Amino acid sequence: MKIGTSLCAVAAAFAFSTAAFADDVKLPGTLAWSAYNTGTTGYNQSVAIGKALKDKYGVDLRVVPGKNDISRMGPLRSDKVQFVANGAGTFYASEGVFNFAVPNWGPQKVQLLMSATSDANLSVGVAADTGVKTFQDLKGKRVGVVRSSPALTVGTQAIIAFGGLTFDDVEVVEFGGYGAMWKGMVSGQIDAAFASTVSGPTKQLEASPRGIYWPPTPAADKEGWARIQNIAPYFVPHTAILGTGNISKETPHDGAAYPYPILITRADQDPDLVYSMVKAVHSEYDNYKDALPAMTGWAIENQTFEWAVPYHMSAVKYWKEIGVWTDDMEAHNNLMIKRQDVLADAWATMKDKDLDGDAFKEEWMKVRAAALKAADMNPIF
């Protein structure tokens, strides 16, 4: 099952576009992206794209690893990086929830350039030596989470909810970063953790005496999927043919996914830079697509143009130029931009409130929900 709008038909019609618009790309000699930790698929894919940009345009792309959403988004806000190869934290930042529901953050006007939906899944993997075969079997087991990373934490909550479990049904073990959590899987500190099925650390677990297994979340289980999407509406059913634990074309994984990595920037980023960046990444696809199996997620037919966060106006300009942007996409994108505006206006009312800590967060969540409901939008949280 593909995520978002299927673009297979237009992919053939506009195959020429990967080269036709490359000549007028204008990028500075040095650029910086932040991404997930070294060794993750998001980091490795960013490095692979960087090599292609270096070979074609002479650009030095520095990839800055960040262990959680705040450490990846902070450099974007302070202009230390121009783009982020991010995950579901993009959605939380845009919504101003979890770690962003604090006075020095709030809802962020982050917007997409493009994204990757590969043949991998995003789910909770378990150590095979536990004998766990379904998410119901995780009851009483040790489940890892990463402090200050709601994308990983909420993703874990959503996936185990498929089996009717909450964090009250498992032993939650906190780690300081994604890499540390997966080292904990290998060393036997925990039994389950969230990841991409092609993430580097999952290969380490697969190669260890513990082994790895990915319990399924079959789309046919409507009640299980309702529980997932009640917690994390950006997940959809997805069949993976890439991954550890014997995931292949012959033995696909009936699981879940959302676009990852998601290449984002700020709404107020230099429009010309954004335009050249998206054009360069798309135009050079043929020169990095074979670097890693998951790189196929960047192909035009695997783009998700209708997601929970809007596209940047300069990215939209490019996608319109090559003929893949539709009226429905435009309407959806405008709605997402309006949602960010509603959240920004609601956040502006918080500046005069003499609150801090949990009291501030509680008040903001009330203000946020009221503003979205008044605009006839679902607060979700």
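Described in the following lines is the structure provided in the data block. Every residue gets a number counted from 1 within its own chain, in the order that chain's sequence is written. In view of the model being predicted, local features appear only for residues whose pLDDT reaches at least 70, and side-chain atom pairs are presented and counted only at 80 or more, with totals across whole chains, interfaces and linings using the full set of residues. Calculation of side-chain values draws on the structure's entire complement of heavy atoms; hydrogens and water are dropped beforehand.

1. Observations concerning the packing of helix α13 (residues 327–348) against helix α14 (residues 357–374)
Move 1: Where α13 contacts α14, the two axes come as close as 9 Å, and the packing angle between them is 135 degrees. In terms of orientation, α13 lies oblique with respect to α14. The hand of the α13/α14 crossing is right-handed. In this structure, α13 contributes Arg339, Val342, Leu343, Ala346 and Trp347 to the contact, and α14 contributes Phe360, Trp364, Val367, Arg368, Ala371 and Leu372.
Move 2: A class-by-class count of the residues in the contact of α13 with α14 yields nine nonpolar, no polar and two charged. For helices, the fitted axis covers only the stretch in contact; all axes are lines through C-alpha atoms, and the angles between them, taken along N-to-C directions, range from 0 to 180 degrees. A run of H or I in DSSP counts as a helix once it spans at least four residues, and a run of E counts as a strand once it spans at least two, with each numbered from the N terminus. Note on angle classes: values under 35 degrees are labelled roughly parallel, values over 145 roughly antiparallel, values of 65 to 115 roughly perpendicular, and the remainder oblique. Left-handed describes a crossing in which the near helix is turned anticlockwise from the far one by less than a right angle; the clockwise case is right-handed. A contact between two residues is defined here by any heavy atoms of the two lying within 4.5 Å. Residues are grouped as follows: Ala, Val, Leu, Ile, Met, Phe, Trp, Tyr, Cys and Pro are nonpolar; Asp, Glu, Lys and Arg are charged; every other residue, Gly included, is polar.

2. Topic: the side chain of arginine 368
Move 1: Topologically, arginine 368 is positioned in helix α14.
Move 2: Only protein chains enter the calculation, and the probe is 1.4 Å; a residue is then buried if its accessible area is under 20% of its type maximum, exposed if over 50%, and partly exposed in between. Owing to a relative accessible area of 0%, arginine 368 belongs among the buried residues under this scheme.
Move 3: Once you skip the residues sitting within four places of it in the chain, arginine 368 turns out to touch Glu95, Val97, Arg339, Leu343, Pro379 and Phe381.

3. Remarks on the nonpolar core
Move 1: The biggest cluster of nonpolar side chains holds 104 residues, and the ones touching the most others in it are Tyr234, Phe235, Met277, Trp298 and Trp319.
Move 2: It is helix α10 (residues 271–283) that contributes the most residues to this core, seven residues altogether.
Move 3: Those residues within four positions of tryptophan 298 in sequence are excluded, and the remaining contacts are Gln45, Ile49, Met114, Ser115, Ala116, Pro261, Leu263, Val281, Tyr285, Tyr288 and Gln303.
Move 4: For our purposes a nonpolar core is just a set of buried Ala, Val, Leu, Ile, Met, Phe, Trp, Tyr and Cys residues, chained together by side-chain atoms within 4.5 Å. By size, the runner-up hydrophobic cluster in this structure holds 11 residues, among which are Ala101, Val342, Met350 and Phe360.

4. Regarding the sheet that holds strand β2 (residues 60–65)
Move 1: A sheet is described by the order of its strands in space; here five strands give the open sequence β2-β1-β3-β12-β4, paired in mixed fashion. In this open sheet, the two strands that pair with only one neighbour each are β2 and β4 (110–115). Each strand of the sheet is rotated relative to its neighbour by a mean of 30 degrees, with strand direction disregarded.
Move 2: Here a strand pair is declared whenever DSSP counts at least two bridges between the two strands. Bridge count between β4 and strand β12 (residues 262–266): five bridges; the pairing is antiparallel. Across the sheet, residue leucine 112 finds its bridge partner in β12, namely isoleucine 264.
Move 3: Sitting on the sheet, helix α3 (residues 41–57) touches β1 (30–35), β2 and β3 (83–86), and the angle it makes with β2 is about 170 degrees.

5. Looking at empty space enclosed by the protein
Move 1: Throughout, the protein atoms alone are placed on a 1 Å grid, and a set of points is a cavity if a 1.4 Å probe fits but cannot get out or a pocket if it is open with protein on both sides within 12 Å along at least five of seven lines; lining residues have an atom within 4 Å of a point. Grid points are joined across faces, edges and corners, and a volume is the space filled by probe spheres set on the points. The full count for this structure, using the stated rule, is two cavities of 30 Å³ or more.
Move 2: In this structure, the largest cavity occupies an estimated 100 Å³ of space.
Move 3: Looking at the largest cavity, it is lined by 14 residues, and the ones nearest its centre are Tyr36, Leu122, Leu152, Ser196 and Tyr260.
Move 4: In terms of residues, the lining of the largest cavity owes the most to one element, strand β8 (residues 192–196), which gives three residues.
Move 5: Across the lining of the largest cavity, the residue classes tally to nine nonpolar, five polar and no charged.
Move 6: The space that makes up the second largest cavity amounts to roughly 90 Å³.
Move 7: As for the second largest cavity, its lining consists of 15 residues, of which Ser118, Ala120, Leu122, Ser196 and Tyr260 are closest to the centre.
Move 8: Taken together, the residues of the lining of the second largest cavity sort by class into eight nonpolar, seven polar and no charged.

6. What about helix α6 (residues 150–161)?
Move 1: Expected span of a helix: the number of residues minus one, times 1.5 Å. Spanning 12 residues, α6 covers 16 Å between terminal C-alpha atoms, matching the ideal 16 Å at 1.5 Å per step.
Move 2: Buried residues of α6: Pro150, Ala151, Leu152, Thr153, Val154, Gly155, Thr156, Ala158, Ile159, Ile160 and Ala161, and no others.

7. A look at the pairing of β12
Along any regular strand, the residues point their side chains to alternate faces of the sheet.
Move 1: Of all the five residues making up β12, five are buried; the element is thus mostly covered by neighbouring parts of the structure.
Move 2: Bridge count for β3 against β12 is three bridges, and the pairing is antiparallel. Bridged to valine 84 within β12 is isoleucine 264.

8. So, the side chain of glutamine 108
Move 1: With respect to the element layout, glutamine 108 can be found in the loop between α5 (89–95) and β4.
Move 2: Within polar-contact distance, the side chain of glutamine 108 engages the backbone oxygen of tryptophan 105 at 3.1 Å.
Move 3: A polar contact of 3.0 Å, which involves the side chain of glutamine 108, links it to the backbone oxygen of glycine 106. Throughout this description, a polar contact denotes any pair of N or O atoms lying within 3.5 Å of each other; where both atoms belong to protein, one of them has to be capable of donating a hydrogen while the other can accept it, and for residues adjacent in sequence the pair is counted only when both atoms sit in side chains.

9. Structural notes on the layout of surface pockets
In this approach, a probe sized like a water molecule rolls over the atoms, and the result shows the empty space that is left.
Move 1: When its volume is computed, the largest pocket comes out at roughly 340 Å³.
Move 2: Around the largest pocket, the lining is made up of 20 residues, and of these Phe91, Trp307, Ala308, Met336 and Ile380 lie nearest the centre.
Move 3: The set of elements that each furnish at least two residues to the lining of the largest pocket consists of α5 and α13.
Move 4: In terms of residue count, the dominant contributor to the lining of the largest pocket is α13 (four residues).
Move 5: Each residue belonging to the lining of the largest pocket can be placed in one class, and the counts come to 12 nonpolar, four polar and four charged.

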